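Residue strings, one per chain:
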Amino acid sequence: MTEWVRPIRRGWVVRGEVPGPDVDEFADADRVVAALARPGTRGSLLAVQHPHRTPAALAENRDLLDVLADARRTLRELTRTAYRPVADVIAPYRVDGPDGSATGVLCLVDPAAVGADGVSWVRHSEQVYPEVVAERAAVLTGLGCATSAALLIPVVDGQVLTDTVDQAIAAAGAPAISTVDSAGRRHRVWLLGPGPVQDAVLAVIAARPLMVADGNHRVAAAAAADLGGLLALVTAGPGLRIGGYHRVITGTGHDADSLATAWRAVGLDVREVPAATPPEHPGSVVVETHGRTLCVELPPSTAIDHAQVETLLLHDALRLDPEGTHVRPLPDGRAPDVEVDAVLRLAPVPLAQVLAVHAAGGRMPRKSTYFTPKPRSGLLLADLDR
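Attention in this report is confined to the structure presented alongside it. The structure presented is a predicted model; accordingly, all values stated were derived computationally and were not measured. (Residues numbered from 1 in each chain as written. Predicted model: local features only at pLDDT ≥ 70, side-chain atom pairs only at ≥ 80, totals over all residues. Heavy atoms only, no water.)

Describing the state of the cysteines
Throughout this description, disulfide means a covalent bond between two cysteine sulfur atoms. Operational definition: Pairs of cysteine sulfur atoms within 2.5 Å are what we label disulfides.
What the rule picks out here adds up to 0 disulfides. Of all cysteine sulfurs in the structure, the one in Cys145 sits closest to Cys107, which takes part in no disulfide; the separation is 16 Å.

Concerning the sheet that holds strand S14 (residues 245-249)
In plain terms, the rule: When DSSP locates at least two bridges between a pair of strands, those strands are taken to pair. Under the scheme used here, helices are H or I runs from DSSP no shorter than 4 residues and strands are E runs no shorter than 2 residues, and both carry numbers assigned from the N terminus. Throughout, an axis means a line fitted to C-alpha atoms (over the contacting stretch in the case of helices), and angles, computed between N-to-C directions, take values from 0 to 180 degrees. Here a residue-residue contact requires only that any non-hydrogen atoms of the pair lie within 4.5 Å.
The 6 strands lie next to each other as S15-S17-S16-S19-S14-S18, forming an open sheet whose pairing is antiparallel. The sheet is open, and its two borders are formed by strand S15 (269-273) and strand S18 (327-331), each paired with just one other strand. Sheet twist, expressed as the average angle between the axes of neighbouring strands with direction ignored, equals 25°. Along the sheet, helix H9 (residues 256-265) makes contact with S14, S15, strand S16 (284-289), strand S17 (292-297) and strand S19 (342-346), crossing S17 at roughly 10°.

Quick notes on the layout of surface pockets
Note the threshold: Both site types are read off a 1 Å grid over the protein atoms alone. A 1.4 Å probe that fits but cannot get out defines a cavity, while an open set with protein on both sides within 12 Å along at least five of seven lines defines a pocket; lining residues have an atom within 4 Å of a point. Grid points are joined across faces, edges and corners, and a volume is the space filled by probe spheres set on the points. All residues other than Ala, Val, Leu, Ile, Met, Phe, Trp, Tyr, Cys, Pro, Asp, Glu, Lys and Arg, Gly among them, are scored as polar; the first ten of these are nonpolar and the last four charged.
One number sums up the size of the second largest pocket: a volume of about 380 Å³. Arg42, Pro51, Thr54, Ala56 and Thr74 are, among the 17 residues lining the second largest pocket, the residues nearest its centre. Elements supplying a minimum of two residues to the lining of the second largest pocket: helix H2 (45-49), helix H3 (55-59) and helix H4 (64-81). When residues of the lining of the second largest pocket are assigned to their parent elements, the largest contribution, 4 residues, is made by H4. Residues that form the lining of the second largest pocket fall into these classes: 9 nonpolar, 3 polar and 5 charged.

Topic: the packing of helix H6 (residues 158-172) against helix H7 (residues 196-206)
Counted only if it meets this: Should an angle fall under 35 degrees it is called roughly parallel, over 145 degrees roughly antiparallel, and 65 to 115 degrees roughly perpendicular, with every other angle called oblique. Two helices cross in a left-handed way if the nearer one is turned anticlockwise from the farther one by less than a right angle. They cross in a right-handed way if the turn is clockwise.
With their axes 10 Å apart at the nearest point, H6 and H7 run at an angle of 165° to one another. The orientation of H6 with respect to H7, classified from their angle, is roughly antiparallel. At the point where H6 passes H7, the crossing takes the left-handed sense. Each of Val160, Leu161, Thr164 and Ala168 in H6 lies in contact with H7, whose residues at this interface are Val197, Val201, Val204 and Ile205. In the contact of H6 with H7, the residues fall into 7 nonpolar, 1 polar and no charged.

Some details on the packing of aromatic side chains
By convention here, two paired aromatic rings are described through the distance between centres and the angle between planes. Heads up, the condition is: Only the six-membered ring of Trp is used, alongside the rings of Phe and Tyr, when aromatic pairs are assigned; centres must lie within 6.5 Å, and planes under 30 degrees apart are stacked while those over 60 apart are edge-to-face, with the rest tilted. Per-residue accessibility, obtained with a 1.4 Å probe over protein chains only, is compared with the maximum for each type, and a residue is labelled buried under 20%, exposed over 50%, and partly exposed between these values.
Throughout the structure, instances matching the rule amount to 2 aromatic pairs. Relative to Trp121, the ring of Trp4 has its centre 4.9 Å away and its plane inclined at 15°; by these criteria the two rings are stacked. With a gap of 117 residues between them, Trp4 in the segment before strand S1 (5-6) and Trp121 in the loop between strand S5 (100-109) and strand S6 (122-123) connect regions that are remote in the sequence. You can call Trp4 buried: its relative accessible area is 8%. Ring geometry for Tyr245 against Tyr370: centres 5.6 Å apart, planes inclined by 80°, an arrangement best described as edge-to-face. Taken as a pair, Tyr245 in strand S14 and Tyr370 in strand S20 (residues 370-372) lie far apart in primary sequence, 125 residues in all.

Spelled out as structure tokens, the structure:
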């Protein structure tokens, strides 16, 4: 038995569908607030995860710490009515959909574990926003329960993990959960209790360092909360994909002419083009603004496109803070939720480049990689109280 990768000692598996709206549809706070304002979301898992964004909390001006006790009571009621208890399990997991496929295992991982060489077993791929980490750590501490999983991938020998999990699934029979989410992905979950098969799967996972593909903030929050570990889906694919992660400029008053002028002033090649799709390969940015489209060529560099966009296009040319209120990340395939001045569309970062940055001990800029498919929140909950 490994120490830093382990089973879920006490948890709950959903009986039917996850209660409330599909939690994973909402990428930012504004969308969560709007979703929680709809009828039927009061006692949902989304309300448990974001208790300070419910209509009642906002109307009464209650902050996160004020409402965590209420959220914990709601969670207890959900586990009683919508879930059934499980103990000492890991959960082989398979998801297939239009944005890829993945076979892996839901289990608990110690996000602060280090090997004999002093290097972390779980290594971040992107930088994080400290305020987001603090908020999520407070929710984890207040709930004592993980309701969503980070996505971790082995940096080497991923096929060994896939083969091992495939064998475990083949011997397990029918899944405990089979459901289709709002984007058409089918999620299937099996439950694997104590025994030699569970031990073998955990040993394969624990033999290799893991990179955070999705959930850097969840991993950092779990480490800060210092509870019973991190709920993670550990997978090597075989069909993981990286989608584009774009940037939205809002509230600046810029239009195509002013943007082109500012970018040319810092030496960038800018031309107006017919309406175009996002770039497929790194090296350029397609900018959509007020019915016009610009193409900005980035200078040759070893830095990824996102770093150049934040430095050259936003900070140097427009005097915008890439982490400020005028700049928002936008996952590929989603529409902006605010009135925008421009959408800067970037090519997906190649996996080889992500792994190269990771191998060199670096981190990607915040919100630069969008791995899919992701595990669905709320299918399996893990008690984290020590």
